[in-house]
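Each chain, letter by letter, is given below.
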Amino acid sequence: MLNSLEDAQQELIKNIEPLAAEPVSLLEAVGRISSTEILADCNMPGELRSAVDGYAVNPDLSGNYDQLLVIGQLKMGEVPNSPLVPGQAIGVLTGGLLPDGAVAVIPHEKVQIKDNYLKSLEFVKPGNNFKQPGEDFHKGDLILGQATRITPGLVALLATFGHGQIQVYHRPRVSILSLGSNVVPCSSQAARGEIRDANGPMLASLVKLDGGLISSVELAGQKDMTQIKTQLLQMLEQSELVITTGGTYTDGINEIHVLIDEIGARPLFREIPIQPGSHNGGAVLGSRLIISLSGNPAACAVGYHLFAAPALRALQGIEPLLPRVNAICSSRYTKKTASRRFVRALATPREDGWAVSILPGQKPSMIRSLVDCNALIDLPPGHPPMEAGLEVSILLLDRSAV
Ligand SMILES: Nc1nc2c(c(=O)[nH]1)N[C@H]1C(S)=C(S)[C@@H](COP(=O)(O)OP(=O)(O)OC[C@H]3O[C@@H](n4cnc5c(N)ncnc54)[C@H](O)[C@@H]3O)O[C@H]1N2
Ligand code: MOO
C-alpha cells in the first residue's frame, strides 16, 4: 500500500477520466468547466465607435475646432451613411458607430453650439474618445481556454462574442454518507450521546463549490453492515463519487475498509499518515470512486481538500491538485509535528507575497478553525514548534485566489 500523500493522490488521479462534455446555456454556465477552447472570430470592438455622447469632428485643414458645421445627429445603432468632410461635425452617442473622416469625438459638455456651428472648449487630440477596433480583443485571441472555470467575466466575454451556449464537462454526481451510528440529522433535536451531522452538510457545500452535483446526503444511523452495504452500493449506482465520513476507527477496526472489501471495490490507498485525517481511504468500483474520511470535522475537511477535491477536479478535466504557494506565517505554533500536519489557516495576498495566520481551534474535533479557513499550512513530519515569521508552504483552498 502507498504511504505518501503525493503517491496516494497520483494513484487516485490515475484512475480518473474526465466526464463527457455537454452543451450548456450561458445563463447556466457560471462555475462550470469548459471542455473546448474558443478563439475570437473578430475584433472587439469590431469597428470604430464613440466612447462618449458628443460630437464626431473633422476639423478643417488648419485644425480649427471653432467653426464646425453640425450636419446632424446619429441615433443609437444608426449606421452613418456619409463621411464627415473637413469643417463638419455630427452628433454621436456612446458606443455608436463613427463616420469615415471622424478625427476625434468631443464630449457634449465640452462644446458650444451656436447657429448650428460647433466650437470646442478644449483642445482635442486626434483619436480622443475613440473605441478603437480590436482594442479589447483581437481576432484570433483565446477568449476561453480548455478546462477553465467559467466566471461572470467570462460569461460577459462569451456573450459579447455570441456564444449563447458552450461545451462544458458534466458535473460529477456525488453522494455523501455519514457512518457514525450516533449521528442524527442536523435539524433534529440531538439526544444525549447523539451528535448532529455537521460533516454531511459541510461536504455537500464543498462539493457544490467544486462543481459537483449532490445526488444524496445520507446517514447510516443504526443500520447494520448488510444494510449499509446496500446503501453504499445504491449510492455508487447514482454517483461518480461517494464520500463517506466517520466509521474509520472503532477499537482498531476501520469499518469502512471492511465495507470496501466486502463490496469488491479495489483499494487505491489507505491510512495515509497525515494529521488530522489519518484514517482515510480511496477505492474504485468499476468507474466509481469512494473516498473515506474520518469523522472528526476538521479531519474530514482536510481529507476532503487533499483527496476528494482533486478527484472532483480530475472528473471535470482540470488540474487536480490545489495551488501551492509559500507564505510568511504570522503565528507561532507550539506543537511538534509527528506525522505530516495540515494546519487550518487564513491566507492573505500581499504586495510582496502571501501572508498566513493560524486559526484558533486546531483539534481535529473542532469546527472553529474551519469557519475562516482558506488555506492549509503543510508542515512536514518531524517539524519542530515554530516561531512567528517563518516561511511555510500552503495550499490555497479558494479557487479564485490564484
Ligand atoms: N485508540 C484510538 N482512538 C482513536 C484513534 C486512534 O488512532 N486510536 N483515532 C482517532 C481519530 S484521529 C479519529 S479521526 C477518530 C476516527 O473516528 P471515526 O472516523 O471512526 O468517526 P466516529 O468514531 O464516528 O466519530 C469520531 C468523532 O467525529 C465526530 N463525527 C463523526 N461523524 C460526524 C458527522 N457526520 N458530523 C459531525 N461530527 C461527526 C463525532 O463527534 C465523533 O466524536 O477516532 C479517534 N480515536
Ligand atoms: O485522523 Mo483524525 O482524523 O486526526 O482526527
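Since the model is a prediction, treat every value here as computed from it, not as a measurement.

Reading the values: the criteria
- Residues numbered from 1 in each chain as written.
- Chains lettered and ligands numbered in written order.
- Predicted model: local features only at pLDDT ≥ 70, side-chain atom pairs only at ≥ 80, totals over all residues.
- Heavy atoms only, no water.
- Near = heavy atom within 4 Å.
- Polar contact = N/O pair within 3.5 Å; in protein donor to acceptor, adjacent residues only side chain to side chain.
- Areas by Shrake-Rupley, 256 points an atom, 1.4 Å probe, with all protein chains shown as cover.
- Nonpolar A, V, L, I, M, F, W, Y, C, P; charged D, E, K, R; others polar.
- Helix = DSSP H or I, 4+ residues; strand = E, 2+ residues; numbered from the N terminus.
- Buried < 20%, exposed > 50% of the residue type's maximum accessible area, 1.4 Å probe, protein only.
- Pairing = 2+ DSSP bridges.
- Axes fitted to C-alpha atoms, helices over the stretch in contact; angles between N-to-C directions.
- Contact = heavy atoms within 4.5 Å.
- UniProt positions renumbered as here; feature names shortened; annotations may be inferred.

Visitor: Looking at this structure, how should I read the site of ligand 1?
Guide: In the vicinity of ligand 1 there are 17 residues, among which Asp197, Thr248, Tyr249, His279 and Gly295 approach most closely. Between ligand 1 and the protein, one listed contact pairs a nitrogen atom with a side-chain N or O atom of Ser178 at 3.4 Å. Within the backbone of Asn296, an N or O atom sits 3.2 Å from an oxygen atom of ligand 1. Starting from 860 Å² of accessible surface for ligand 1 in isolation, the protein chains cover 67%. For the shell around ligand 1, the residue count by class is five nonpolar, 10 polar and two charged.

Visitor: Got a minute to help me understand unusual backbone geometry in this structure?
Guide: If a residue is not glycine, its phi is most likely negative; likewise, a peptide bond is most likely trans. The residue after Met44, namely Pro45, is reached through a cis peptide bond having omega -5 degrees. Structurally, Pro45 can be placed in the loop between strand 2 (38-39) and strand 3 (49-50). Of note in the backbone geometry, Ala147 takes a positive phi value of approximately 60 degrees without being a glycine. Since its relative accessible area comes to 22%, Ala147 is described here as partly exposed. Even without being a glycine, Glu271 presents a positive backbone phi close to 50 degrees. Mapped onto the elements of the fold, Glu271 is located in the loop between strand 18 (266-270) and strand 19 (274-275).

Visitor: Just to check I follow, could you spell out the sheet that holds strand 21 (residues 288-293) for this structure?
Guide: The strands making up a sheet associate through hydrogen bonds between their backbones, and the pairing can be parallel or antiparallel. In spatial order, the strands read 16-13-17-21-20-18; together these six strands make up an open sheet with mixed pairing. Whereas interior strands pair on both sides, the edge strands pair on one side only; in this sheet they are strand 16 (213-219) and strand 18. Averaged over neighbouring strand pairs, the angle between their axes works out to 15 degrees when direction is ignored. Sheet topology places strand 17 (residues 241-245) next to strand 21; five bridges connect them, and they run parallel. Within strand 21, the residue paired with Val242 across the bridge is Ile290. The sheet strands contacting helix 1 (residues 5-14) are strand 18 and strand 21, and the helix crosses strand 18 at an angle near 155 degrees. Packed onto the sheet, helix 5 (residues 255-262) meets strand 17, strand 18, strand 20 (281-285) and strand 21 and runs at close to 155 degrees relative to strand 18.

Visitor: What should I look at first to understand the UniProt feature "domain: MoaB/Mog" (unreviewed entry) in the chain in this one?
Guide: The residues that UniProt annotates with the feature "domain: MoaB/Mog" (unreviewed entry) are residues 175-314. Between the C-alpha atoms that bound residues 175-314 there is a distance of 17 Å. The span itself is 36% helix and 27% strand.

Visitor: Looking at this structure, how should I read the site of ligand 2?
Guide: Near ligand 2 the following residues occur: Gln275, Pro276, Gly277, Ser278, His279, Ser294, Asn296, Ala299 and Pro364. The contact in question runs from an oxygen atom of ligand 2 to an N or O atom on the backbone of Ser278, over 2.6 Å. Contact between ligand 2 and Ser294: an oxygen atom at 2.5 Å from a side-chain N or O atom of the residue.

Visitor: What exactly am I supposed to notice about the environment of Val302 here?
Guide: In this structure, Val302 sits in helix 6 (residues 297-315). On the basis of relative accessible area, Val302 is assigned to the buried category, the value being 1%. Once the C-alpha coordinates of Val302 and Val343 are considered, the two residues, 41 residues apart in sequence, prove to be 8.9 Å apart. If we ignore the near neighbours within four places in the chain, the residues touching Val302 are Pro276, Phe342, Arg344 and Leu376.

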